[in-house]
Amino acid sequence: MRAVDIIMDKRSGKELSREELEFLIGGYTAGEIPDYQISAWAMAVFFRGMSSAETAALTGVMLRSGSSISLSGISGPFVDKHSTGGVGDKTSLILAPLIASLGIRVPMMSGRALGHTGGTLDKLEAIPGYRTSLTAEEFRRIIAKDGFAMTGQTRDIVPADRLLYALRDVTATVESIPLITASILSKKAAEGAEALVFDVKFGSGAFMKDAADGEKLARSLVDTGTAMGMRICALLTDMNEPLGNMAGNFLEVEESLDCLEGKGPADLMEVTLALAARMAVMGGKAEDAEEGRRLCEEALASGKPRELFLSNISSQGGDVKRFLELRSSWRSPVSGEIRAEQSGCIARIDAWKVGHAGTMLGVGRNRTGDAVSPTAGVRFHKKGGAQVKAGDLIMTVWAGDEAGLRESLPQLAEAVEYAPSAPGPRQLILKEIV
Ligand code: URA
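None of the values given here were measured: they were computed from a predicted structure.

Colleague: What is the right way to read the overall build of the protein chain from this model?
Modeller: Helix and strand counts for the protein chain come out as 17 helices and 13 strands. Relative to the 2.2 N^0.38 estimate, which gives 22 Å for 434 residues, the radius of gyration of the protein chain is 22 Å and therefore close to what a compact globule would have. Taken along its principal axes, the extent of the C-alpha atoms in the protein chain is 65 × 45 × 40 Å. Considering the protein chain as a whole, with its 434 residues, one finds that 57% of them fall into the buried category. A separation threshold of at least 6 residues defines the contact pool for the protein chain, and within that pool the share at least 24 residues apart is 78%. Accessible area for the protein chain stands at about 17,100 Å²; split by element, carbon and sulfur atoms hold 51% of it. Side-chain charges in the protein chain split into 49 positive and 56 negative, and the spacing between the mean points of these groups amounts to 2 Å.

Colleague: For this particular structure, what's the right way to read the sheet that holds strand β11 (residues 393-399)?
Modeller: Within a beta sheet, neighbouring strands are joined by backbone hydrogen bonds and run either parallel or antiparallel to one another. Strand order in the open sheet formed by four strands is β6-β9-β11-β7, with antiparallel pairing between adjacent strands. The open sheet is flanked by β6 (246-247) and β7 (334-339), the only strands paired with a single partner. Bridge analysis of β6 against strand β9 (residues 377-380) gives two bridges, and the strand direction is antiparallel. Residue pairing in the sheet places A247 in a bridge with V378 of β9.

Colleague: Just to check I follow, could you spell out the site of the ligand for this structure?
Modeller: What surrounds the ligand is the set Y165, R168, I180, S183, I184, K187 and F207. Within the contact set of the ligand, an oxygen atom lies 2.9 Å away from a side-chain nitrogen or oxygen of R168. Between the ligand and the protein, one listed contact pairs a nitrogen atom with a side-chain N or O atom of S183 at 2.6 Å. Elements with a minimum of two residues in the shell around the ligand: α8 (159-169) and α9 (177-190).

Colleague: Help me out: how do you make sense of unusual backbone geometry in this one?
Modeller: Trans is the prevailing form of peptide bonds, just as negative phi is the prevailing case for residues other than glycine. G76 connects to P77 through a cis peptide bond whose omega is -5°. Its place among the elements puts P77 in the loop between α4 (52-63) and β1 (79-83). One non-glycine residue with positive phi stands out, namely A172, at about 55°. When you line up the elements, A172 lands in the loop between α8 and α9.

Colleague: Whenever I open this one, the sheet that holds strand β5 (residues 231-238) confuses me. Can you help?
Modeller: Spatially, β1-β4-β5-β13 is the arrangement adopted by the four strands of the open sheet, whose pairing is mixed. Since the sheet does not close on itself, it has two edges, and those belong to β1 and β13 (429-433), each with one partner. Neighbour to neighbour, the strand axes of the sheet diverge by 15° on average, direction disregarded. For β5 and β13, the ladder comprises four bridges, and the chain directions are antiparallel. In the sheet register, L235 faces β13, and the bridge partner there is E432. On the sheet, helix α10 (residues 211-227) packs against β4 (195-202), β5 and β13 and is oriented at approximately 170° with respect to β5.

Thresholds, definitions, all that
- Residues numbered from 1 in each chain as written.
- Predicted model: local features only at pLDDT ≥ 70, side-chain atom pairs only at ≥ 80, totals over all residues.
- Heavy atoms only, no water.
- Helix = DSSP H or I, 4+ residues; strand = E, 2+ residues; numbered from the N terminus.
- Rg over C-alpha atoms; globule rule 2.2 N^0.38 Å.
- Buried < 20%, exposed > 50% of the residue type's maximum accessible area, 1.4 Å probe, protein only.
- Contact = heavy atoms within 4.5 Å.
- Areas by Shrake-Rupley, 256 points an atom, 1.4 Å probe, with all protein chains shown as cover.
- Lys, Arg positive; Asp, Glu negative; His and termini not counted.
- Charge placed at Lys NZ, Arg CZ, Asp CG, Glu CD.
- Pairing = 2+ DSSP bridges.
- Near = heavy atom within 4 Å.
- Polar contact = N/O pair within 3.5 Å; in protein donor to acceptor, adjacent residues only side chain to side chain.
- Axes fitted to C-alpha atoms, helices over the stretch in contact; angles between N-to-C directions.

Limitation: the analysis is restricted to geometry and does not speak to function.
Structure (structure tokens):
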């Protein structure tokens, strides 16, 4: 077999076999096939796509490039959730203890902020002392104790994806549905997920800018995952506005605790409960999403998910007492405000502009390895649909430093879109894909 022949076949739209993909990806991971040939192949995939069988074969090949987590010895069921990423999206922090309180185990391996999207690990690390790089043994022990654990990916999980993703990032081949599908699903399968609920986001703050592309990605994830023997469903959810009223690392942990105490903002609770209801069904605790939602609402009212959240902080090295003392007061001393420039109605606060401003504030990062600030971020006092008078406070902004504040304020002011009259209610959950 020669890499150049495989690239030529893909360039002319041919379906590649498992053996050919194994040769290509295996050779690349072993350092035998150079970056430039894999770049050419990725670009051919970008333009030509892949069949479902080919996507499933690529996912399997990538999965086998590294090791898998074993959860044997811990009683299930195990259900995970994966979001394709957005701004203010802290649903994982609420869902993990909520679903664990129903007796379903949630093994969560999450990522860091990159570009305009936030990262669960950066949020958790804003809790004083909280550790997100658990050993496999710690991960298993904490799941057995609290029902869930939250960790970063270990280096030996899908090494092919680490190499390939870095290459796609610099060769304009990230936005390919089969490549995204294989990248996400290979990691989820290696993490031991048997059942998985995807939150596929669309809109300005999402990877997929329109709903039609979001739906194609959701369909590809569901079909490929199902072909690999996983139980999968996906919700297509709106990410045109940040989710909830806080965007920032410590701010989002605080807002997650508010949600667990029954004080969460309506949009965040709607998306969280829709995902939770499906996780309850996947975990065999409910017949349908309606029953799942009722169970989750009852669990929240019982206070058990809040207890598990605090117990997990302590299990992962965090200081619960300090965290509760800092709640509502730990903010960067560098702050500013965004006030309404006109009277009328806010049409929306553009999620992409907020996410982009967030990288200047220190909430997120432009390059892997950049430091983030725990206390930078934005609190939204008004969002889409609100009536305002000129001068009303719309956002409070905290920055890691003065330069970040100066740079981000114009971008945040621009994120506020006005309308002459109130827009209709936003449909947050567009559809379910099974
Ligand atoms: N997230 C991933 O893990 N992989 C992709 O390809 C895109 C988003």
